[in-house]
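Descriptive analysis of the structure
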Protein chains: 2
Amino acid sequence: MESRKVGILGGGQLGRMVQEAASRLNISLTILDEPVDSPAKQLNALQTHLQGSFKDPAKILELAASVDVITVEIEHVDTAVLKQLEASGKSIHPTPATITLIQDKYLQKQHLAKYNVPLADSLDCPDQEAIERIGQEFGYPFMLKAKTMAYDGRGNYVVRSKDDLKDARSKLAPGVPLYAERWAKFDRELAVMVVRSVTGEVQSYPVVETVHKNSICHLVFAPAQVGRGLTGTSDETFSTSIQERARKVAENAVASLSGAGIFGVEMFLMQDGEILLNEIAPRPHNSGHYTIEACHTSQYENHLRAILGLPLGSTAMKVQAAGMLNILGAGDKTYEACDLAYSIPGTTTHLYGKKECKAGRKMGHITVVGDSMQEVHERLLPMVMAMDPKDESPFNLDPLVSIVMGSDSDLKVMEAAAQILTKMSVPFELSLVSAHRTPERMYHFGRMADKRGIKVIIAGAGGAAHLPGMVAALTPLPVIGVPVRGSTLDGVDSLHSIVQMPRGVPVATVAINNSTNAALLAVRMLGSFIPSYLDKMTKYQENMEKEVLTKVDTLDRVGWEKYEYIKH
Amino acid sequence: MESRKVGILGGGQLGRMVQEAASRLNISLTILDEPVDSPAKQLNALQTHLQGSFKDPAKILELAASVDVITVEIEHVDTAVLKQLEASGKSIHPTPATITLIQDKYLQKQHLAKYNVPLADSLDCPDQEAIERIGQEFGYPFMLKAKTMAYDGRGNYVVRSKDDLKDARSKLAPGVPLYAERWAKFDRELAVMVVRSVTGEVQSYPVVETVHKNSICHLVFAPAQVGRGLTGTSDETFSTSIQERARKVAENAVASLSGAGIFGVEMFLMQDGEILLNEIAPRPHNSGHYTIEACHTSQYENHLRAILGLPLGSTAMKVQAAGMLNILGAGDKTYEACDLAYSIPGTTTHLYGKKECKAGRKMGHITVVGDSMQEVHERLLPMVMAMDPKDESPFNLDPLVSIVMGSDSDLKVMEAAAQILTKMSVPFELSLVSAHRTPERMYHFGRMADKRGIKVIIAGAGGAAHLPGMVAALTPLPVIGVPVRGSTLDGVDSLHSIVQMPRGVPVATVAINNSTNAALLAVRMLGSFIPSYLDKMTKYQENMEKEVLTKVDTLDRVGWEKYEYIKH
């Protein structure tokens, strides 16, 4: 059992959730923060905590005297005294050098650029003359940003046109040093939590999508639904998934820093599939709250493990999908989503024990888990709407089933599959992939399908009918083959081509032209693991039974002689 | 947000985990227990807790004065004062009447018998004369049990033969009233957590298997692996699953009690599939710890929701499988499993903050989650072995795949499927189900398959080959059909019979006689949701590629003329 004592600078909600993990592991945590009953302190009656500022060198020294390892739950701390302590041999994670680097966003980006981390271009902006020069260089709009003390959108200003140039400086806190950033016209915002061990090993959590509202984190979806279609144009974007690339960017960025702990890496997904790093937080992060309920090891526990040199915990998700909704102070409406959450399956409410409820203050969050992202959306939506009925937050869904066919002439047979999947509310994609005319596309499609989150592939083909078997050879996923009837041989040629696969590579073959059954088979495969689809399939079968029984009634009623005249 | 204050009698580990849930929901909890830093009190610095015994009426009255609702985390409390408080209008959950009933195990069983809850026979046992009479009536062995103050096996004595009769009384605490129970020769022990609302609505968690060691809970597996084969002989055991029946018994038992809260119901699964209730705990229970990591709502949160009249939370599991290992005081070895847990994915360690580590004392527990029960076993085993290398705890596994065929003459074709599943470590069952010769067996097999936890069915058939299609008509699960070649028509008759299913009921058909591909297809279906099987399939495909490339090398090396002489 762990006997070393940990001291933490800051005792807000992030500290509170670190405290929860520390209690479970019998790890002693002492908290330095102003309020006597700060969110983190509330949960720990064993220690005498310190009352004071995490910017006060004297208090930091006092904390240091009673603990073995010092860490932070906020980056705006006094690093000068931390550097002194480090020099005297105290264990501090992440290192004061890393915290200092991250406190200045411009230094942070210059550092990351050296390590080839993809970033939006940025330029130093010491005076008005520089602002105007940058306007010419970057064009409009561009971002003017405070280098320090910026969070939740504070410290950012969008220079929309030449007219904004003159007043730009005054829009940001007086005296704060500035830098400028080229406008990143991003499609979506992504984030990855990365945990770094004392020996520099990094391990990333799944990529999540973050949705901001008034520049404050509003929603998080894990995993990010970025698997739709083959995106990008370069060889790299064609053959690696966005998930893989974003994790790599985040891991490389954190690997370039020093010290142990958890890091939150925010990124932009550009319209062409490119990924740019936005910024790094050297501590647990709002976009990683979901890890408590949805991953093997929460970001909070992994932070403690990392700074104590314990083995890092698995970052894998233990559920298919998760979402997170922040509860921000909004007067009487603040807790409406929480009241609703009691009646919604898969929700876990975390309130932070904050007494004063200012507008926009982070009062808590709700995590939602589900057997599919669709289920997570259905559960989240009423809570999102309760807080703002006009909320138009995007709900993206990756396809679970992929329908492909060699030619658009097969569509008349394959559209029945699309109709069944639509009726059963299965997210799917439908496209053309020809074994003989687009072999390269087929190769990438087969190789990437599981990495894009696809669970089942339906492939239709006629005649020589190679597509289902070739795709099955390229993917470890189950492939359902639909023999399409051609103008000769009644489809028996397609059937034999698809079903008679060699030992080692199976294709799940259905009846000739029967793409309805292919879709129903796909739903059955999903239903083995997603209970809502099992229910839908059971109801579908009950309905088929009812339909026949209705005909039985009619037959009994009108007799067989007149039956043919009855319209069904 | 909840403003009512809750007081709890007892502040041990169960109270500690209630406290964790209360903190998340900003629910005020005040704890009455002797130690100043009892496990529950450690986690709550906001309240001034009460120091004293939960059997002390004065202290209970003091607690009552400062809270709105009173509950318990232990049943051995003073109920006389609770009844007074209830009469004066105080809200107490569960009711003092229920706690009183449960404190006396014999009264508890007499009560349950009135509500037709299945139980082992029991008889009052006031004196030595009664003990001897019961020996004659029940035969040997039989159980002699203390009516009150019994837990973790204390208060139970097995009377093995006539020779034990004379000393039996002295084996149990002097003066404690006794009763006797007929020996229940059970196959396994099961448990179900049931939550009861203030209005009497009951909702159960999945059935779990509990494994005791020295009469103390050692391991818990959720869900209980009781799906293997069609068990039982009565119509009821034939057409409802053990899961369904055990939940029903537990729900009926708890519905017969009064007051709200969570209840732990322990049961015996007899060898003939019958279920007997063993006993009920009117509080969170060791067998429900797993719900924190594995279910939508933990037993602790649901207890708070129930006693406060809030909506009950979903009791569904959010992972495929979970296990729980108790950490009992064992000197230097106590925390060895915890040290190991840091390196095992899917583990969450809960230590209770107890300073004194007496032998056998519950110091903590480790929950393990996984994408299959097999994964849970693989993760648990090293920790179980660390605590006791000779531990022979049973690891039961429900089949994920069911292989059926109409006749044992099909086995020579179907055994290749069994070999693949064995090689890929997929738990499966294999049996005969004939559409034409055992239609009733086929009907029950099809209807029960999903309720027994089966994910995929493989059915082999030749000639008219009705089995795959008929099973598909009876189950919502995916059915893979293997056409078995008969003595005429080369198997094309079987193929067409199996593949040409009508619209509405699909069978995933593979090549004639190719049960290898059927098994590989089943593994692909599992792999879409269980990453370890996706990895195995990917490796299988890589190996096939390597095998061919080896032959390419050989061809290049020896030339095509000599190739035929090379042995592979």
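Remember, predicted model here, so these are calculated numbers, not experimental data.

To continue, consider the relation of the copies chain A and chain B. Relating one copy of the chain to the other requires a rotation about an axis plus a shift along that axis. Least-squares fitting of chain A to chain B yields an RMSD of 0.0 Å, with the transformation described by 0.0 Å of translation along the axis and a rotation of 180 degrees. Accordingly, the operation relating the two chain copies is best matched by a two-fold axis.

Residue and element names in this part refer to chain B. The sheet built from 4 strands is open, its strands ordered β6-β9-β7-β8 with antiparallel pairing. Pairing within the sheet leaves two strands with one partner each, and these edge strands are β6 (122-124) and β8 (156-159). Taking each pair of neighbouring strands and ignoring which way they run, the sheet shows an average axis angle of 25 degrees. As defined by bridge partners, strand β7 (residues 142-146) adjoins strand β9 (residues 178-182) across 5 bridges and the pair is classed as antiparallel. Bridge pairing in β9 places Phe142 opposite Arg182. Against the sheet, helix α6 (residues 128-138) engages β6, β7 and β9, with an angle of about 160 degrees to β6.

Here the focus is the side chain of Ser241 of chain B. Residue and element names in this part refer to chain B. Looking at where Ser241 falls in the secondary structure, it is placed in the loop between α8 (235-239) and α9 (242-255). Take Ser241: its relative accessible area is 6%, and that puts it in the buried class. Setting aside residues no more than four positions away along its own chain, Ser241 makes contact with Met448 and Lys451.

All right, on to the interface of chain A and chain B then. It is common to give the size of an interface as the accessible area lost on bringing the parts into contact. On the side of chain B, 85 residues touch chain A, which itself brings 84 residues to the contact. For the pairing of chain A and chain B, the buried interface totals around 7,200 Å² over both sides, and the portion due to carbon and sulfur atoms is 56%. For the interface between chain A and chain B, the tally reads 0 salt bridges. Where chain A meets chain B, there are 39 residue pairs in polar contact (both at pLDDT 80 or more). Secondary structure elements with two or more residues in the side of chain A that touches chain B: α1 (13-24), α11 (336-341), β17 (347-351), α15 (467-474), α16 (492-499), β23 (508-509), α17 (515-527) and α18 (531-563) of chain A. Per-element accounting of the side of chain A that touches chain B gives the leading share, 7 residues, to α17 of chain A.

The subject of this paragraph is the confidence of the model for chain A. When pLDDT is averaged along chain A, the result is 94; 97% of the residues meet or exceed 70. Quick note on the complex model: pTM equals 0.95, ipTM equals 0.95.

Here we come to helix α8 (residues 242-255) of chain A. Since there are 3.6 residues in each turn of an α-helix, residues three or four apart along the chain are aligned in direction. Across its 14 residues, α8 of chain A extends 20 Å between first and last C-alpha, which sits within 8% of the 20 Å expected from 1.5 Å per residue. All of the buried residues along α8 of chain A are Ile242, Gln243, Arg245, Ala246, Val249, Ala250, Glu251, Ala253 and Val254 of chain A.

Let's shift gears to the sheet that holds strand β2 (residues 29-33) of chain A. Pairing in this open sheet of 5 strands is parallel, and the strands run β3-β2-β1-β4-β5 (chain A) from one edge to the other. Edge positions in the sheet fall to β3 (50-51) and β5 (91-92) of chain A, since each of these pairs with one other strand and no more.

We now examine the packing of aromatic side chains. Residue and element names in this part refer to chain A. Under the definition given, this model contains 11 aromatic pairs over all chains. When the ring of Tyr106 is compared with that of Tyr179, the centres are 5.4 Å apart and the planes differ by 40 degrees; the resulting orientation is tilted. Of the two residues, Tyr106 is situated in helix α5 (residues 105-114) and Tyr179 in strand β9 (residues 178-182); the sequence distance between them amounts to 73 residues. Across this residue pair, the class does not change: Tyr106 and Tyr179 are buried. Between the aromatic rings of Phe138 and Phe142, the centroid separation amounts to 6.5 Å while the plane-to-plane angle is 70 degrees, which identifies the pairing as edge-to-face. The buried category is assigned to Phe138, whose relative accessible area is 10%.

This paragraph deals with the side chain of Lys41 of chain A. Looking at the element boundaries, Lys41 of chain A is found in the loop between β2 and β3. Lacking a salt bridge, the buried Lys41 of chain A has Asp33 of chain A as its closest oppositely charged neighbour, with an N-O distance of 6.3 Å. Of note is the side chain of Lys41 of chain A, whose polar atom sits 2.9 Å from the backbone oxygen of Asp33 of chain A. A distance of 2.9 Å separates the side chain of Lys41 of chain A from the backbone oxygen of Pro35 of chain A, its partner in a polar contact. Once residues lying within four places of it in the same chain are set aside, the contact partners of Lys41 of chain A are Ile31, Asp33, Glu34, Pro35, Val36, His49, Leu50 and Gln51 of chain A together with Ala45 of chain B.

With that settled, consider the environment of Ser38 of chain A. Residues and elements named next belong to chain A. By secondary structure assignment, the location of Ser38 is in the loop between β2 and β3. Exposure remark for Ser38: the relative accessible area of 2% places this residue in the buried category. Here the alpha-carbon distance between Ser38 and Leu312, two residues 274 residues apart in the chain, equals 28 Å. Excluding residues that lie within four positions of it along the chain, Ser38 makes contacts with Gly11 and Asp33.

Criteria and thresholds
- Residues numbered from 1 in each chain as written.
- Chains lettered and ligands numbered in written order.
- Predicted model: local features only at pLDDT ≥ 70, side-chain atom pairs only at ≥ 80, totals over all residues.
- Heavy atoms only, no water.
- Least-squares fit on C-alpha atoms with pLDDT ≥ 70 in both.
- Pairing = 2+ DSSP bridges.
- Helix = DSSP H or I, 4+ residues; strand = E, 2+ residues; numbered from the N terminus.
- Axes fitted to C-alpha atoms, helices over the stretch in contact; angles between N-to-C directions.
- Contact = heavy atoms within 4.5 Å.
- Buried < 20%, exposed > 50% of the residue type's maximum accessible area, 1.4 Å probe, protein only.
- Buried area = accessible area lost by both parts, 1.4 Å probe.
- Salt bridge = Lys/Arg side-chain N within 4 Å of Asp/Glu carboxyl O.
- Polar contact = N/O pair within 3.5 Å; in protein donor to acceptor, adjacent residues only side chain to side chain.
- pLDDT = per-residue confidence, 0-100.
- Expected span 1.5 Å × (residues − 1).
- Phe/Tyr/Trp six-rings, centres within 6.5 Å; stacked < 30°, edge-to-face > 60°.
- Lys, Arg positive; Asp, Glu negative; His and termini not counted.

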